[in-house]
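Here is what each chain is made of, one letter per residue.
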Amino acid sequence: LWEKYGADESDDKESFQKSFIRHVTTTLARSIYNIDNFSAYQATAHSVRDRLIKRWNETQQTHTEVDSKRVYYLSLEFLLGRSLDNALLNLGLKDNYGGGIKELGFTMEDVLEQEVDAALGNGGLGRLAACYMDSLATMDYPAWGYGLRYTYGIFQQRLKDGYQIEFPDYWLNFDNPWELPRLDVVVDVQFCGSVNRYTDEEGHERYAWEGGDTLQAIAYDVPIPGYGTKNCINIRLWSSKPKRQFDLTRFNEGQYEQAVYEQMQAENITAVLYPNDNHMVGKELRLKQQYFWVAASLFDIVRRFKKSEKPWSNFPLQVAIQLNDTHPTLAIVELQRILVDLEGIGWDEAWAIVTQTFAFTNHTILPEAMERWPVPMIQYLLPRHMQIIFDINLFFLQKVEKAIPNNRDLLAKLSIIEESTPQFVRMAHLAIVGSHRVNGVAALHSELIKQTIFKDFIQFYGESKFENKTNGITPRRWLHQANPKLSELITETLGSKNWLKNLDLLKGLKSHVNNKDFRKRWVAAKLSNKVRLADYIQKATGVTVNSNALFDVQVKRIHEYKRQFMNILGVIHRYNTLKKMTSEERACVVHRVVIFGGKAAPGYYIAKLVIKLINSVAEVVNNDNSIEDSLKVVFIPDYNVSVAEIIIPASDISQHISTAGTEASGTSNMKFVLNGGLILGTVDGANIEICEEIGDDNIFMFGNLAHQVDDLRHAHR
Ligand code: 26M
């Protein structure tokens with residue numbers, strides 16, 4: 001029966017049109033004589049979803065049968081953006097569906113534009129998670145992502161009088177075809193309560209975490225299709241719900257308000273993504289988010305492991321858990337608790353399993369971004385976890401003392417506990433101690449963590465625990481999808497699409513650099529991307545820009561260390577210089593459009609003021625006829641993944657100008673270069689490795705080196 005009916009959803013044009021019409025009439029309950037672009041999007045999305053689910057089911061079934069080691073990526077952020085175009089391309093449906101939708105009276109561009117971004121992330125760290133999921137799927141890994149299903153993603157940015165104002169991101173207001181609610185996959189998560197000591201039947205001292213409040217985590221699965229493979233992996237996002245919909249006792253006692261209030265409190269946990277990027281906020285709700293997510297995810301992972309009935313010692317052979325920054329560090333403590341308290345495994349054996357399972361990625365050395373949580377807060381929310389953290393720390397420091405005796409100073413520096421009033425838990429220290437590997441995200445950054453923030457750990461662990469994994473991006477979204485003209489040129493020139501799975505093959509373009517036709521098409525692709533961006537700028541800002549001008553771009557979160565302020569000072573200088581020129585002199589200057597975009601954290605006063613400054617400068621420059629359009633400045637509002645897909649392919653020069661040593665890697669630098677843009681950058685993050693790859697005549701690097709910065713800071717005080 002499976003073979004007979006399973007083949008029903010084929011990938012040809014007619015099958016798509018059939019399913020499109022079926023979804024319009026049944027799923028959407030609309031008349032086929034009354035379909036707008038949004039309904040066309042929904043029907044197309046549901047048609048793709050059906051095919052995705054098929055692959056997803058087959059993948060999960062295969063992974064269950066094979067039962068190979070799974071890799072789990074724990075990330076509080078997945079900045080996925082739109083899914084339809086990506087799914088069409090990865091599944092190889094784009095051409096048939098494009099033809100099919102046209103015959104139905106729509107254009108694919110209009111339909112794709114209807115989709116709202118899944119914006120469950122702030123910036124680099126969240127987009128990295130999304131890119132890695134695409135690559136894991138494409139490379140046929142049995143991988144899972146675990147995160148939170150925020151009701152509100154990153155805020156929408158609008159501008160009023162040049163100032164940023166924030167609006168809630170109502171991304172779930174219309175149905176979301178890209179998630180599969182798993183209302184049957186429910187995990188209880190406990191908070192507060194107390195710890196009781198008891199002796200078990202074998203006479204061992206055991207601890208039980210009892211009482212407190214219990215909430216429920218409900219799974220929503222987001223299928224991630226690989227490119228050119230049937231592999232379709234899963235991101236499982238948890239949503240919080242109260243354990244009982246109605247507290248009947250309270251209800252009957254007339255405490256209706258109290259019952260509803262508690263329901264709201266439970267749903268609050270996954271209500272909103274914290275909009276801070278590279279900055280820690282010590283809010284209790286954020287810590288609750290972290291534990292809620294970690295507890296549900298680990299329960300799920302352990303349940304899957306237990307199904308295969310292998311001994312616990314096999315756990316690290318079956319399970320690898322990658323921690324995306326310190327946000328999921330409580331997972332280390334939670335697994336130790338499961339093994340010791342619930343499974344009755346001895347501390348040392350359990351701890352060996354834990355440390356073999358986890359690996360930790362650090363994304364920043366900025367001190368203000370380091371996560372520290374007050375001990376009393378953890379003690380209140382997670383009393384048993386706080387005990388376990390103290391024990392982990394005690395045993396760790398004992399080992400340090402044994403290896404490097406009589407060094408109290410070292411013990412204080414390495415301690416997981418910061419001995420202030422109140423005490424704090426240093427999450428990075430806990431993550432290092434509980435993992436077998438720690439990595440930085442670019443060569444320079446991985447060196448710097450060894451020399452600065454984690455320096456003291458090298459004394460104890462040596463260097464080998466710390467390694468480099470330079471970030472990457474998916475070329476499927478950031479070139480093939482965002483820049484179809486250039487992608488087509490590359491494919492035709494290389495004679496195959498293999499480069500989409502093996503980027504090294506792009507080297508094959510080298511022998512064509514002097515080919516006239518190739519160069520003509522290269523320039524034509526860039527120009528058409530610039531026209532597309534100019535249209536977008538017109539629509540979004542009302543400013544008219546010339547597509548033949550040089551496009552000079554800086555798009556990223558607004559942050560002092562990223563130095564948008566320096567860029568805009570440069571623009572002011574450029575404007576003043578142009579103003580002093582004669583018309584003839586100006587005629588020799590390349591016309592330039594300086595493009596800014598990015599969100600400021602709502603509470604980051606200086607970053608918000610930088611946005612206002614950029615808009616004020618734009619106001620002056622764009623309305624000064626005397627410089628004859630030689631310079632334009634625009635701030636594109638609400639920079640997000642979809643806007644990035646328009647901006648990046650259209651860039652001539654992009655700026656990555658962080659103070660040396662501060663930008664751990666950067667990932668948009670890679671996206672711009674992949675689209676044939678030049679970089680103006682500092683000797684920082686992955687800029688350095690990009691420079692080594694493309695040669696220093698293809699990149700403009702400037703400024704001091706990381707090791708000089710500290711001296712300079714002090715010299716100029
Ligand atoms: C922490 C606590 C409370 C609330 C929010 C946070 C938080 C959220 C996001 C902290 C940091 C967050 O992201 C940091 C980030 O995006 N870092 C960037 O990671 C990229 C991927 O590795 C790098 O390329 C960038 O250089 C780095 O800045």
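Throughout, a residue's number is its position along its own chain's written sequence, starting from 1. Since the coordinates come from a predicted model, pLDDT governs what is reported: local features require at least 70, and pairs of side-chain atoms require 80 or more to be given and counted, while whole-chain, interface and lining totals use all residues. To get the side-chain values, all heavy atoms of the structure are used, and hydrogens and water are removed first.

### Some details on the side chain of Glu 689
Okay, step 1: Segments assigned H or I by DSSP are reported as helices when at least four residues long, segments assigned E as strands when at least two residues long, and all are numbered from the N terminus. Turning to its location among the elements, Glu 689 is positioned in helix α28 (residues 687-694).
Okay, step 2: Accessible area is worked out with a 1.4 Å probe on protein chains only. A residue is then buried under 20% of its type maximum, exposed over 50%, and partly exposed in between. Charged-residue counts in this description rest on Lys and Arg as positive and Asp and Glu as negative, His and the chain ends being excluded. We define a salt bridge as a contact between a side-chain nitrogen of Lys or Arg and a carboxyl oxygen of Asp or Glu at a distance within 4 Å. Although Glu 689 lies buried, it forms no salt bridge, and the closest oppositely charged side chain, Lys 469, sits 11 Å away as judged by the N-O distance.
Okay, step 3: In this structure the side chain of Glu 689 is engaged in a polar contact, spanning 2.9 Å, whose partner is the backbone nitrogen of Ala 443. N or O atoms within 3.5 Å of each other form a polar contact, as long as, within protein, one can give a hydrogen and the other can take it, and as long as residues adjacent in sequence are counted only when both atoms are side-chain atoms.

### Concerning the side chain of Glu 371
Okay, step 1: Note that Glu 371 resides in the loop between β13 (358-361) and β14 (372-374).
Okay, step 2: Among buried charged residues, Glu 371 stands out as having no salt bridge; its nearest opposite-charge side chain is Arg 286, 4.5 Å away.
Okay, step 3: A polar atom in the side chain of Glu 371 sits 3.2 Å from the backbone nitrogen of His 327.
Okay, step 4: In terms of polar contacts, Glu 371 uses its side chain to reach the side chain of Trp 373, at 3.4 Å.
Okay, step 5: Excluding residues that lie within four positions of it along the chain, Glu 371 makes contacts with Met 280, Gln 290, Thr 326, His 327, Val 425, Arg 426 and Met 427. Contact between two residues is taken to exist if any of their heavy atoms lie within 4.5 Å; hydrogens are not considered.

### Description of the packing of aromatic side chains
Okay, step 1: The pairing test for Phe, Tyr and Trp rings, Trp by its six-membered ring, is centres within 6.5 Å, and the orientation test on the planes gives stacked under 30 degrees, edge-to-face over 60, and tilted for anything in between. Throughout the structure, instances matching the rule amount to 23 aromatic pairs.
Okay, step 2: Consider the rings of Phe 305 and Trp 312, whose centres lie 5.3 Å apart with planes at 35°: the pair is tilted.
Okay, step 3: A residue is classified by how much of its surface remains accessible, and Phe 305, at 4% relative accessible area, is buried.
Okay, step 4: A network of ring pairs unites the aromatic residues Phe 16, Phe 20, Tyr 97 and Phe 106 as a single cluster.
Okay, step 5: Here, over-ring charges are defined by two tests on the NZ atom of lysine or the CZ atom of arginine: distance to the ring centre within 6 Å, and angle to the ring normal within 35 degrees. Residue placement shows Arg 158 over the ring face of Phe 167; its charged tip is 3.6 Å from the ring centre.
Okay, step 6: In this arrangement the basic side chain of Lys 465 is found over the ring face of Tyr 461, its NZ or CZ atom lying 3.7 Å from the centre.

### Section: the environment of Leu 503
Okay, step 1: Considering the arrangement of structural elements, one finds Leu 503 in the loop between α21 (484-494) and α22 (516-541).
Okay, step 2: We classify Leu 503 as partly exposed; its relative accessible area is 34%.
Okay, step 3: Taking the C-alpha atoms as reference points, Leu 503 and Asp 348, separated by 155 residues in sequence, lie 44 Å from one another.

### Some points on the sheet that holds strand β17 (residues 437-440)
Okay, step 1: Sheet architecture is open: nine strands sit in the order β7-β10-β11-β4-β1-β12-β13-β17-β18, paired in mixed fashion. Of all the strands in the sheet, the pair left with one neighbour each is β7 (180-191) and β18 (466-468). Here the average twist between neighbouring strands, direction ignored, is 25°.
Okay, step 2: The pairing of β17 with β18 spans three bridges and is parallel. In the strand pairing of β18, Asn 439 is matched with Glu 467.
Okay, step 3: Here helix α3 (residues 37-66) sits on the sheet in contact with β1 (70-74), β4 (143-148), β7, β10 (213-225) and β11 (232-242), set at roughly 100° to β11.
Okay, step 4: Axes here mean lines fitted to C-alpha atoms, for a helix over just the part in contact, with angles spanning 0 to 180 degrees between N-to-C directions. Along the sheet, helix α10 (residues 284-307) contacts β1, β4, β7, β10, β11 and β12 (319-324); its crossing angle with β7, the most-contacted strand, is approximately 115°. By definition, two strands form a pair when at least two bridges between them are found by DSSP.

### A word on the pattern of salt bridges
Okay, step 1: Tallied over the full model, the rule gives 39 salt bridges.
Okay, step 2: Note that Arg 437 and Glu 467 form a salt bridge whose closest N and O atoms lie 3.5 Å from each other. Residue Arg 437 is found in strand β17, and its partner Glu 467 is found in strand β18; the two are separated by 30 residues along the sequence.
Okay, step 3: According to the relative accessible area criterion, Glu 467 is partly exposed, its value standing at 30%.
Okay, step 4: The shortest N-O distance in the salt bridge between Asp 652 and Lys 530 comes to 2.7 Å. Of the two residues, Asp 652 sits in the loop between α26 (641-647) and β22 (653-656) while Lys 530 sits in helix α22, which places them 122 residues apart along the sequence.
Okay, step 5: Here the residues in one salt-bridge network are Arg 182, Asp 221, Arg 236, Asp 300, Arg 303 and Arg 304, joined through shared partners.

Worth remembering: the numbers are spatial, not functional.
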